[in-house]
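So the chains spell out like this:
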Amino acid sequence: MKFKHTFALAEKAPSYCVYECGNICARIDFVSDSAVRVAVFGKGEKLINTFNVNPNNTLSHKGRERLSTEGFSLCTPRCDGDAFCLPCGVKLRVNTENLLLSYEKDEKVLFGDRAPLAYNLENEFGKGAFHFVSRSENEHIYGVGDKGGSLDKAGRAFRIETTDCMGYDASETDPLYKHIPFYICENEVGTYGVFYDTSCTSYLDFGKEIDNYYEPYKYFKTEDNCLVYYVFFGSRLEILQQFSALCGAQPLPPKWSFDYCASTMAYTDAENSSEQFKGFLDKIHETGLSCSGFYLSSGYTSIGNNRYVFNWNTDKFPSPAGFVEEFAREGIHIIPNIKPAFLTDHPMYDGLAEQGLFIKNPDGTPFLTQFWDGLGSYLDFTNPAAFDFWKAQVKEKLLDLGIDATWNDNNEFDIKDCDAVCFSGDRACDMRPTLTYLMVLASYEAQREKYPTKRPFLSTRSGSSAVRRLAQTWSGDNRTAFEDLKYCHNIGLTMSLSSLMLYGHDLGGFTGDMPSRELLLRWLQHGVFEPRFTIHSWNKDGSATMPWSYGDIVESVQALFEERRALLPYLYSSAYFCTRDNIPMNAPPLLYYDDEELQCDTSTMLVGRDILVPFVFDEGETATDVYLPRGEVWYLGDKRYDGGQTVRVEIKPTDTVPYFVRGGSVMPTLDGFTVYPAESGTFEAEFFDDDGESFDYLDGKCVMIKFTVTCDKDTVTVEYKNCGSMPFNPKFELCSADSRRLIVK
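Report follows, based on the coordinates. Owing to the predicted nature of the structure, the values given are computational and were not obtained by experimental measurement. All residue numbers refer to position in the chain's written sequence, counted from 1. Selection of residues for local features in this predicted model requires a pLDDT of at least 70, selection of side-chain atom pairs for listing and counting requires 80 or more, and totals for whole chains, interfaces and linings are taken over all residues. Here the side-chain values reflect all heavy atoms present in the structure, with hydrogen atoms and water set aside.

**Comments concerning the pattern of salt bridges**
Between Lys or Arg on one side and Asp or Glu on the other, a salt bridge is scored when a side-chain nitrogen of the former is within 4 Å of a carboxyl oxygen of the latter. If you walk through the whole model with that rule in mind, you get 52 salt bridges. For Asp 29, the salt bridge goes to Arg 37, with nearest N and O atoms at 3.1 Å. Salt-bridge contacts for Glu 686 lead to Arg 580; the nearest nitrogen and oxygen are separated by 3.1 Å. Linking Glu 686 in strand β43 (residues 681-689) with Arg 580 in helix α10 (residues 554-581), this pair joins segments that are 106 residues apart in sequence. Starting at the N terminus, helices and strands are each numbered in turn, a helix being any DSSP run of H or I of at least four residues and a strand any DSSP run of E of at least two.

Rendered as structure tokens:
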């Protein structure tokens, strides 16, 4: 009977239980002391394998069974009648009438399934899988991938799908490039996180929809044939760490990738590309700017006005190997753009079609879709032959020339036709984020095989949380506007809160007019503090946005580049702890502090754990108010501030960015370490460094300094130990705002 389904306990084991009602099965797994997984599906239904969940961090070609428990710590909750009591203090209560689950903390309901029906058990809500849950009036929601607008997503609705959205409005365009149906919700009782494990097009509504017949709710809908979701408990940070660990570890990028990496569409689109790139190197020498990478836009593959992946335009680049070698001599790594679709007039198209390497129509012919300036077909990376073809091409056409990085772009796999099928037998429209992952995996494997001792560097525009195991990302094709600078700040932090912690932006804006002097400088001020430091543009007038675009501000640009250079030891060390501990490199202060004075949307962000940096996002403004989280001491230059107050900071566009350092930290510099002491007591800190490119650090061949700092009335005493095998003799100084005597042991 619709709207009335009585479930019965069919199976019970120490770490899971199964309930059934007719042909409907519901399984609850207690995957850890503070997380559960719920699956609702029809008996006999095929559940597409997941690539999102990978706690063992294996780089699988076929994914993982959706209901596997391999790699989970699992727990056995204490039973209390109809409730399961988790070690974290949360009680899960099961109502077998319509399978309504509720979660209690401190004898209060944290959240629960919406009564009287939360799941689409007999198509009561139409087609697809649904999950309706309770919504509190004053709750806050964070995450959901690369969504724009406010950092708090409460009251809004989103499509969980990937799209090529060049020139998007960072305040409201949806969807963007990422497929991550994960969010953190905070209400008056506590905090919880939810992740829906699917690669299908989905929808998340956090209160935009209202229905008079139900209490306030939010809901998830997916085109998948089942519902599999995880619920996490703990603090905001603990929930993020649990979700990130569930998806698998981020790789530590090579050190060179944290330096400035240049790019522009203009150089490779130009007929005189060779002259443009020679002029670039001349300008690097003239200005003295540090540069370690160049993202090579797809114009290098052009035939006429179109782009053909793996084709080198030898009119523009007479000697690709010579071009790569010339940049390598300057210490600049080429990061070439590669795309997974082949236009029908691509020189390789017919051969690939004959081999059956494309996504197909039901009759076996290649599926055609719009791609750039024509029709094309996407390579089917679920086909082992297509996967191997891609690897071979990456090696032969790129890596064998001396290239050691890839830029995996335009990989949203824009296939919405339900008739398109993959080699795996699954509908292509249900596999889009998986196809992206497999594309990046093929590039990754090619790089690992070509350079087995070097950590590979990859960048991907699209993907699910699975790509965090392989590549860095960025916010895509943004606009040259102050508003987009402001909201890309939020997009970046939202990606951090969604497990994509190694990210950046196209500084200056990708599309539109050449940014003004002020806008370019404001973008650079922001980029100095993010993992990816790249200017990239496709300006309407064909110009290239470059650090030297305006001669009268080059000195300011040079100062910002020098500020970035000085931060590199800290940024690289922070990246290591980011990959080891799932702690974001960039985060909103609210991730760490329960200070009720903290605003959700703020012009500040934490860099690593110890730097709080303010920005100015509004045109014509030269100062900003910075709220310092309470419970900490904060240092700015030669001044010391107690947390819990607001400080007015002047930041002109032509300035370097003044930033606050948290008391109780040891900051690496180019020359040694600066100690920022606490008022009293003892604190610990860590620092990491290595050769910057190999995997030797995994065997202890690195610098791993552990500091113990004791702060007394008249002295600050530093004790340190290098737990790595690389020799290191650090120098120390006390920050200028503290007058105590520094003792080093």
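**Here's the deal with helix α4 (residues 320-329)**
Residues Pro 320, Phe 323, Val 324 and Phe 327 constitute the buried set of α4. The buried residues of α4 all sit within an arc of 95° when viewed along its axis, so they share a single face. Just beyond α4, the residue with positive phi is Gly 331, at close to 75°. Here's how the labels work: a residue is buried when its accessible area is under 20% of the maximum for its type, exposed when over 50%, partly exposed in between, all with a 1.4 Å probe on protein chains only. The arc under discussion is defined with respect to the helix axis, by the directions toward the C-beta atoms.

**Regarding the nonpolar core**
One finds Phe 280, Phe 342, Phe 381, Trp 390 and Phe 660 to be the most contacted residues of the largest nonpolar core, which totals 171 residues. Broken down by element, this core gets its largest block of residues, 12 residues, from α10. Throughout this description, the term nonpolar core refers to a set of buried Ala, Val, Leu, Ile, Met, Phe, Trp, Tyr and Cys residues connected via side-chain atoms within 4.5 Å. Of all hydrophobic cores here, the second largest spans 46 residues; its members include Phe 30, Leu 86, Leu 121 and Val 231.

**Re the packing of aromatic side chains**
Each aromatic pair joins two rings of Phe, Tyr and Trp (for Trp, the six-membered one) with centres within 6.5 Å, and gets the label stacked for planes under 30 degrees apart, edge-to-face for over 60, and tilted for any other angle. A full pass over the atoms with the stated rule returns 76 aromatic pairs. On the numbers, 5.0 Å between centres and 85° between planes, the contact of Phe 673 with Phe 687 is edge-to-face. Residue Phe 673 is located in strand β42 (residues 673-676), and its partner Phe 687 is located in strand β43; the two are separated by 14 residues in the primary sequence. For the pair Phe 673 and Phe 687, a shared accessibility class is recorded, and that class is buried. Pairwise contacts between aromatic rings join Tyr 267, Phe 277, Phe 280, Phe 294, Tyr 300, Trp 312, Phe 317, Phe 323, Phe 327 and Trp 548 into one cluster. Two conditions define a charge sitting above a ring: the NZ of Lys or the CZ of Arg must be within 6 Å of the ring centre, and it must be within 35 degrees of the ring normal. It is Arg 532 that lies over the ring of Tyr 295; its NZ or CZ is 4.9 Å from the centre.

**Thoughts on a negative patch on the surface**
A cluster of acidic residues, Asp 691, Glu 693, Asp 696 and Asp 699, forms a negative patch on the protein surface. Among the secondary structure elements, Asp 696 is positioned in the loop between β43 and β44 (703-711). The patches reported here contain residues having more than 30% relative accessible area and no salt bridge. Joining distances are 9 Å for like charges and 5 Å for nonpolar side chains (Val, Leu, Ile, Met, Phe, Trp, Tyr). Only the protein chains shown count as cover for residues, and all accessible areas are computed by the Shrake-Rupley method using a 1.4 Å probe. Residues scored as positive are Lys and Arg, those scored as negative are Asp and Glu, and His as well as the terminal groups of each chain are ignored. Where a charge lies is defined by one atom per residue type: Lys uses NZ, Arg uses CZ, Asp uses CG and Glu uses CD.

**Focus: the layout of surface pockets**
Lining residues are defined by having an atom within 4 Å of a point belonging to a cavity or pocket. Those points lie on a 1 Å grid over the protein atoms alone, cavities being sets where a 1.4 Å probe fits but cannot get out and pockets being open sets with protein on both sides within 12 Å along at least five of seven lines. Grid points are joined across faces, edges and corners, and a volume is the space filled by probe spheres set on the points. In this structure, the largest pocket spans a volume of roughly 440 Å³. Residue lining of the largest pocket: 22 residues in total, with Phe 577, Arg 609, Asp 610, Arg 662 and Glu 686 positioned closest to the centre. For the lining of the largest pocket, the secondary-structure elements that each account for two or more residues are α10, β41 (665-668) and β43. Sorting elements by how many residues they give to the lining of the largest pocket places α10 first, with 7 residues. Looking at the lining of the largest pocket, its residues break down into 10 nonpolar, 5 polar and 7 charged. Residue classes follow a fixed rule: Ala, Val, Leu, Ile, Met, Phe, Trp, Tyr, Cys and Pro count as nonpolar, while Asp, Glu, Lys and Arg count as charged, and any other residue, Gly among them, counts as polar.

**Observations regarding the side chain of Lys 147**
Along the chain, Lys 147 turns up in the loop between β11 (140-143) and β12 (157-160). Any pair of nitrogen or oxygen atoms within 3.5 Å is treated as a polar contact; in protein, a donor-acceptor pairing is required on top of that, and neighbouring residues in sequence qualify only through side-chain atoms on both sides. At 2.8 Å, the side chain of Lys 147 and the backbone oxygen of Arg 159 are in polar contact. Note on contacts: a residue pair is in contact if any heavy atoms of the two residues lie within 4.5 Å. Ignoring any residue separated from it by four or fewer positions in sequence, one finds Lys 147 in contact with Lys 153, Phe 158, Arg 159, Ile 160, Asp 174, Pro 175, Leu 176, Ile 491 and Thr 494.

**Remarks on the packing of helix α6 (residues 384-397) against helix α7 (residues 432-450)**
The relative placement of two packed helices is expressed as an angle between their axes plus a distance between the axes. What counts as an axis is a line fitted to C-alpha atoms, over the stretch in contact for a helix, and the angles between N-to-C directions run from 0 to 180 degrees. Between α6 and α7, whose axes approach to 9 Å, the crossing angle comes to 45°. When the interaxial angle is binned, α6 and α7 end up oblique. For the pair α6 and α7, the sense of crossing is right-handed. On the side of α6, the interface is formed by Phe 387, Trp 390, Lys 391, Val 394 and Lys 395, while α7 contributes Leu 438, Met 439, Leu 441, Ala 442, Ser 443, Glu 445, Ala 446 and Glu 449. Per-class residue counts for the contact of α6 with α7 are 8 nonpolar, 1 polar and 4 charged. When describing relative orientation, an angle under 35 degrees is termed roughly parallel and one over 145 degrees roughly antiparallel, while 65 to 115 degrees is termed roughly perpendicular and anything else oblique. Each crossing gets its handedness from the near helix: less than a right angle anticlockwise from the far helix is left-handed, clockwise is right-handed.

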